[in-house]
Amino acid sequence: MNTAAAIEVRGLVKKYANKTAVAGIDLTVEQGEIFALLGPNGAGKTTTVEILEGYRSANSGDIKVLGFNPATKGSAGQKWRNRIGIVLQSASDAADLSVIETVSHFANYYENPKDIDQVINDVGLTEKIDSKVHQLSGGQRRRLDVALGIIGSPELLFLDEPTTGFDPEARRSFWELIRTLKSEGTTILLTTHYLDEAQELADRVGVINNGKLIEIAPPSTLGGRNTAPAKVTWVENGISKEILTNNPTEEVLKLNQHFNGQIPELQVLRPNLEEIYLRMIGEVK
Amino acid sequence: MNSLKVTLRIGLLRGSLELKQFLRQRESVVFTLLFPVILLFIFGSVFQDTIAPGVTFSQYFVAGMIASGLVNTGFQQLAITIPMERDSGTLKRLRGTPMSVSSYFIGKALLVTILMILQTALLLFFGSVMFDLNLPTEASLWWNFTWLVILGSACSTVLGIAFSVVPKSGRGASAVVSPIVIILQFFSGVFFVFTSLPIWMQQFAAIFPLKWLTQGMRSVFLPEDFATQEVAGSWEIGKSALVLILWLIVGLVISIKTFKWSRE
């Protein structure tokens, strides 16, 4: 085991015929980290991830994924794929096979597969083990995708919008699964549209817009969130009151004295990740 | 050496998986395997004229249908299902695993081989039981039959893979592929006696492998002296082999150079 970063990207550029999709990205994802990539559609998120996964080649840039250039062709590239797992955005394949047939077939591809029943159990499909894939619900289908992504015991797992279409409960149990994988040492690169998901799971978040990474930070400090003015709200004589302040502690102390104790319905609100994010990508000024 | 073993082992596993999936799709079983048999019944029952001493049209037709069967299970089936697999994300998912391209192709080739054996057996059975198809008794004819089937299905497989980049989507694939196959069948002397076709049609068909495959099959299943009724007055068996080998090489090169895992 080396201690090099799981993903190391310098100056990644990808141009298509009429536009530049990725305009010079630098990115380091440490081993064992969950890194969330956020960005609006068309920002270059998918292109970046697909280059890291080896699906596309970059025009320029120095790219190392588990110390390996993903664009390498031939058997070296195949060998490298033993160490990664990919959960794609949408797939509707293998519809006529059962869950167990699909997972055990994919296990054959890898040098070091996990236990098949264990993986099916981990993604919560034990009850559906003999169901045909076309009989699964959208959420179950997605969990099968995850099972196929992790069956090869990957060191690095790519998750592309993994919980789209999940109900809240399924999403919670999916998050648990991801945390378990992390605790086993798996590095995870996640793209998502759900800010709460990034907040829940990610050690760090990168925001990508117009082909550039505009910020990388832990969810709690992204966009200066931790130092942004806080909103203090309370209720006085049945009327909601609020004040925007850079020093919420002082305001709360003042209110505490004002009420001589308990402040009715007190809340101190930092801008949430979603507000910060929308501001960053220019959706909200 | 070791990686070759792995490639072969996974290729075998893919072949059995492909077959399992194929057999579970009832419409594909009917369309690919039984359609030629149904055509055999229709044409064989309608056209029972004698086209030469001791040769009925249905015998002529069965020989052509066996050749067409190789086009159905290989070219047509692959050129339709591969674009569908591309659309559904099957290919993209496979691309992201350590499975090698060769294993994928081996799996497809195995599927085609098994389907082809099934289909040829069905056609031979119904052809000989219902339409007086004479099964050859000479070993040399069976030898010709064997290499025609192997070369024909190899050719059909690689051309199917090569052609799979043409349809823009999985849904439209059969609309693109099926007419080509049907037109080729008309031009190549499957539905009509080849020599009764207009000269330009014969010459056009002679570019493609199906014409040579049907002619080769006739050399196996029709009486030897029917050769005089062919365009060249002989079976041209060596020429058939040559054309099939040329197409096999062309198909192989194109499929390796142009195969796409995803749509864009």
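Being a predicted model, the structure only gives us computed values, none of them experimental.

Here is what the cut-offs are and how they apply
- Residues numbered from 1 in each chain as written.
- Chains lettered and ligands numbered in written order.
- Predicted model: local features only at pLDDT ≥ 70, side-chain atom pairs only at ≥ 80, totals over all residues.
- Heavy atoms only, no water.
- 1 Å grid on protein atoms, 1.4 Å probe; cavity = no way out; pocket = protein on both sides within 12 Å on 5 of 7 lines; lining within 4 Å.
- Points joined across faces, edges and corners; volume = space filled by probe spheres on them.
- Nonpolar A, V, L, I, M, F, W, Y, C, P; charged D, E, K, R; others polar.
- Pairing = 2+ DSSP bridges.
- Helix = DSSP H or I, 4+ residues; strand = E, 2+ residues; numbered from the N terminus.
- Axes fitted to C-alpha atoms, helices over the stretch in contact; angles between N-to-C directions.
- Contact = heavy atoms within 4.5 Å.
- Patch = residues over 30% accessible without salt bridge, like charges linked within 9 Å, V, L, I, M, F, W, Y side chains within 5 Å.
- Areas by Shrake-Rupley, 256 points an atom, 1.4 Å probe, with all protein chains shown as cover.
- Salt bridge = Lys/Arg side-chain N within 4 Å of Asp/Glu carboxyl O.
- Buried < 20%, exposed > 50% of the residue type's maximum accessible area, 1.4 Å probe, protein only.
- Buried area = accessible area lost by both parts, 1.4 Å probe.
- Lys, Arg positive; Asp, Glu negative; His and termini not counted.
- Domains from an automatic or database assignment.

### Notes on empty space enclosed by the protein
And step 1. Scanning all chains against the criterion turns up three cavities of 30 Å³ or more.
And step 2. The calculated volume of the second largest cavity comes to roughly 60 Å³.
And step 3. Lining the second largest cavity, in full, are Tyr 55, Ile 86, Phe 106, Tyr 110, Leu 148 and Gly 149 of chain A together with Arg 93, Gly 96 and Thr 97 of chain B.
And step 4. A breakdown of the residues in the lining of the second largest cavity according to their chemical character gives five nonpolar, three polar and one charged.

### Points about the sheet that holds strand 2 (residues 20–29) of chain A
All names here are of chain A.
And step 1. Taken in spatial order, the three strands line up as 2-1-4 in an open sheet, and their pairing is antiparallel. Of all the strands in the sheet, just strand 2 and strand 4 (60–65) have a single pairing partner and so form its edges. The mean inter-strand angle of the sheet, taken between neighbouring strand axes irrespective of direction, is 20 degrees.
And step 2. Sheet topology places strand 1 (residues 7–15) next to strand 2; seven bridges connect them, and they run antiparallel. In the strand pairing of strand 2, Leu 12 is matched with Ile 25.
And step 3. Relative to strand 1, helix 1 (residues 45–52) is tilted by about 120 degrees, and along the sheet it contacts strand 1, strand 2 and strand 4.

### Examining a nonpolar patch on the surface
And step 1. Residues Val 30, Phe 31, Leu 34, Phe 35, Ile 38, Ile 42, Val 46 and Phe 47 of chain B make up a contiguous nonpolar surface patch of roughly 670 Å² in combined accessible area.
And step 2. Tracing the chain through its elements places Ile 42 of chain B in helix 2 (residues 26–46).

### Topic: helix 1 of chain A
All names here are of chain A.
And step 1. By the criterion of burial, helix 1 is predominantly enclosed, with seven of the eight residues buried.
And step 2. Listing the buried residues of helix 1 in full gives Lys 45, Thr 47, Thr 48, Val 49, Glu 50, Ile 51 and Leu 52.
And step 3. A positive phi of about 90 degrees marks Gly 54, the residue just after helix 1.

### Here we look at the interface of chain B and chain A
And step 1. Each side of the interface is counted separately: chain B has 22 residues, and chain A has 25 residues.
And step 2. Of the roughly 2300 Å² buried between chain B and chain A, counting both surfaces, carbon and sulfur atoms make up 54%.
And step 3. The largest contributions to the chain B side of the interface with chain A come from Arg 24, Arg 93 and Pro 98 of chain B, which together make up 32% of the buried area.
And step 4. For the pair chain B and chain A, the interface holds four salt bridges.
And step 5. We note a salt bridge from Glu 50 of chain A to Lys 92 of chain B, for which the minimum N-O separation is 2.3 Å.
And step 6. For the side of chain B that touches chain A, the secondary-structure elements that each account for two or more residues are helix 1 (2–24) and helix 4 (90–95) of chain B.
And step 7. Among the elements that make up the side of chain B that touches chain A, the one with the highest residue count is helix 1 of chain B (eight residues).
And step 8. Grouping the amino acids of the side of chain B that touches chain A by side-chain chemistry returns six nonpolar, eight polar and eight charged.

### Focus on the side chain of Arg 86 of chain B
Residues and elements named next belong to chain B.
And step 1. Mapped onto the elements of the fold, Arg 86 is located in helix 3 (residues 57–88).
And step 2. Buried charged residue Arg 86 carries no salt bridge. Nearest counter-charge: Asp 87, at 6.7 Å.
And step 3. Those residues within four positions of Arg 86 in sequence are excluded, and the remaining contacts are Leu 91, Ser 164, Val 165, Phe 259, Lys 260, Trp 261, Ser 262 and Arg 263.

### Some remarks on the layout of surface pockets
The gaps left among the atoms become clear once a water-sized probe is rolled over them.
And step 1. Its boundaries defined by the atoms lining it, the largest pocket holds a volume of some 1000 Å³.
And step 2. The wall of the largest pocket is formed by 38 residues, among which Gly 74, Gln 78 and Arg 81 of chain A together with Arg 95 and Val 101 of chain B lie closest to the centre.
And step 3. Where the lining of the largest pocket is concerned, the elements lending two or more residues are helix 2 (75–80) of chain A together with helix 1, helix 4 and helix 5 (101–130) of chain B.
And step 4. With six residues, helix 1 of chain B is the largest single contributor of residues to the lining of the largest pocket.
And step 5. Residues that form the lining of the largest pocket fall into these classes: twelve nonpolar, 15 polar and eleven charged.
And step 6. Taken as a whole, the second largest pocket spans an internal volume of roughly 680 Å³.

### A closer look at the pairing of strand 10 (residues 230–236) of chain A
Residues and elements named next belong to chain A.
And step 1. Taking burial as the measure, the seven residues of strand 10 include six buried ones, the bulk of the element.
And step 2. Across seven bridges, strand 10 lies against strand 11 (residues 239–245) in antiparallel orientation. The residue of strand 11 that forms the bridge with Val 235 is Ser 240.
And step 3. Joining the antiparallel neighbours strand 10 and strand 11 is a turn of two residues, in which Asn 237 adopts a positive phi near 50 degrees.

### A closer look at the domain arrangement of chain A
And step 1. As far as domains go, chain A holds domain 1 (1–83 + 155–163 + 185–222 + 272–285) and domain 2 (229–269).
And step 2. If you average the C-alpha positions of domain 1 of chain A and of domain 2 of chain A, the two centres end up 40 Å apart.

### Considering the pattern of salt bridges
Where charged atoms from two side chains of opposite charge approach closely, those side chains can pair.
And step 1. Using the criterion set out here, one finds 24 salt bridges over all chains in the structure.
And step 2. A salt bridge links Glu 184 of chain A to Lys 114 of chain A; the shortest N-O distance between them is 3.5 Å. In this pair, Glu 184 of chain A is assigned in the loop between helix 6 (168–183) and strand 7 (187–191) and Lys 114 of chain A in the loop between helix 3 (99–107) and helix 4 (116–122), connecting sequence segments 70 residues apart.
And step 3. Several salt bridges converge on common partners, so that one network encompasses Arg 141, Arg 142 and Asp 145 of chain A together with Arg 93 of chain B.

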